[in-house]
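# Structure assessment
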Amino acid sequence: MQLFSFVSNLKSFLQDEKKSRHKIAFIPTMGALHAGHISLIEEGKKYGDTTVCSIYINPRQFNNSEDLKKYPRNLENDARLLEQANCDILFVPDDQEIYPIGLDTSIRLDLKDLDNSMEGLFRPGHFNGMLQVVKRLLDVVNPDFLIMGQKDFQQFTLVQHMINQLHLPVKLIVAPTIREPDGLAMSSRNQRLNAIERKNGLAIYKSLLHLKTHFESSSIDLLENQVMNTLKDSGLRPEYVEIVDGLSLQRVIHPELHNCIIACIAAWSGEVRLIDNLILKGAFK
Ligand code: AMP
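So, a few notes on the structure that sits alongside this text.

The rules we used
Residues numbered from 1 in each chain as written. Predicted model: local features only at pLDDT ≥ 70, side-chain atom pairs only at ≥ 80, totals over all residues. Heavy atoms only, no water. Phe/Tyr/Trp six-rings, centres within 6.5 Å; stacked < 30°, edge-to-face > 60°. Helix = DSSP H or I, 4+ residues; strand = E, 2+ residues; numbered from the N terminus. Buried < 20%, exposed > 50% of the residue type's maximum accessible area, 1.4 Å probe, protein only. Near = heavy atom within 4 Å. Polar contact = N/O pair within 3.5 Å; in protein donor to acceptor, adjacent residues only side chain to side chain. Areas by Shrake-Rupley, 256 points an atom, 1.4 Å probe, with all protein chains shown as cover. Nonpolar A, V, L, I, M, F, W, Y, C, P; charged D, E, K, R; others polar.

## Examining the packing of aromatic side chains
One pass over the structure, following the stated rule, counts 6 aromatic pairs. With 5.5 Å between their ring centres and 80 degrees between their planes, Phe153 and Phe156 make a pair best called edge-to-face. With Phe153 and Phe156 both in helix α8 (residues 153–166) and 3 residues apart, this pair spans about one turn of that helix. We note that Phe153, like Phe156, is buried.

## Details of the environment of Gln154
Topologically, Gln154 is positioned in helix α8. Exposure remark for Gln154: the relative accessible area of 3% places this residue in the buried category. In this structure the C-alpha to C-alpha distance between Gln154 and Val244, which are 90 residues apart in sequence, comes to 11 Å.

## Describing the site of the ligand
Residues in close proximity to the ligand total 16 residues, the closest being Met30, His37, Asp152, Ile178 and Met186. Here Met30 contributes a backbone N or O atom positioned 2.9 Å from an oxygen atom of the ligand. In the environment of the ligand, an oxygen atom lies 2.9 Å from a nitrogen or oxygen atom belonging to the side chain of His37. Coverage of the ligand by the protein chains reaches 93% of its 480 Å² of free accessible surface. When contributions to the shell around the ligand are tallied by element, the ones reaching two or more residues are β2 (24–29), α2 (35–47) and β5 (145–149). By residue number, the principal contributor to the shell around the ligand is α2, which donates 3 residues. For the shell around the ligand, the class distribution of residues is 8 nonpolar, 6 polar and 2 charged.

Given below as structure tokens:
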């Protein structure tokens with residue numbers, strides 16, 4: 001695996017790869033890698049000849065400075081995991097490389113209300129910052145394939161929207177959520193959970209399964225409220241429980257009118273914010 005820290009060096013290396021007609025698969029991450037991230041590398045290897053993983057903790061997508069400060073960092077272990085997964089290139093830029101003075105990295109897009117619910121409501125500015133870094137990284141890496149996880153459902157929906165609006169020459173591939181054996185969605189932030197908080201966190205996946213069983217036979221409003229209460233009773237502080245259309249992200253009232261339906265949950269366990277989602281109907285691919 002080759003390590004790059006500078007945009008100019010990475011760009012010239014990848015230009016040569018392109019000249020050799022190598023397809024590039026790109027996996028952006030914020031590090032503290034786990035099996036979920038590694039599954040994206042493996043997915044990338046199915047599509048690309050050269051896999052590029054970036055590790056960059058993007059300050060602009062953190063709406064909470066404490067979360068940024070406490071975000072887990074372990075570059076040595078990350079590099080080892082990527083090496084084991086046969087990732088070809090690791091890109092670890094610093095803030096100056098991603099946001100050089102004088103470069104306009106702002107995003108001006110009509111987001112069609114995709115950012116006005118769920119994560120967008122509870123994390124103001126998060127998606128704007130996320131789209132800025134994804135656009136900047138796409139400009140640098142110029143990949144044929146961008147691999148992202150279903151775990152961040154609203155995130156990849158917005159990225160797909162940006163790709164469509166700006167006609168970016170990249171295909172987005174979405175890979176399924178990897179879970180711990182007990183169902184907890186893998187997340188870098190899980191490292192910060194103590195034993196009780198981790199156990200409480202299991203209520204999220206259980207609730208998603210409950211929603212999947214009952215969404216066609218119960219009132220959606222009632223079901224969402226019921227799950228909010230279950231999460232509270234499990235020691236969590238839920239922010240939202242929403243059953244939404246998989247494309248528009250608008251709330252579903254009549255499931256029979258939608259082809260693709262997703263249930264999404266965000267909840268705090270102690271000082272750690274967890275998100276998860278489950279497809280209830282159809283597929284978004
Ligand atoms: P992050 O490092 O959390 O910014 O995530 C980088 C990428 O990994 C994003 O596309 C996430 O959706 C994806 N990802 C995070 N957790 C998982 C998981 N448990 N399973 C699959 N993909 C994941």
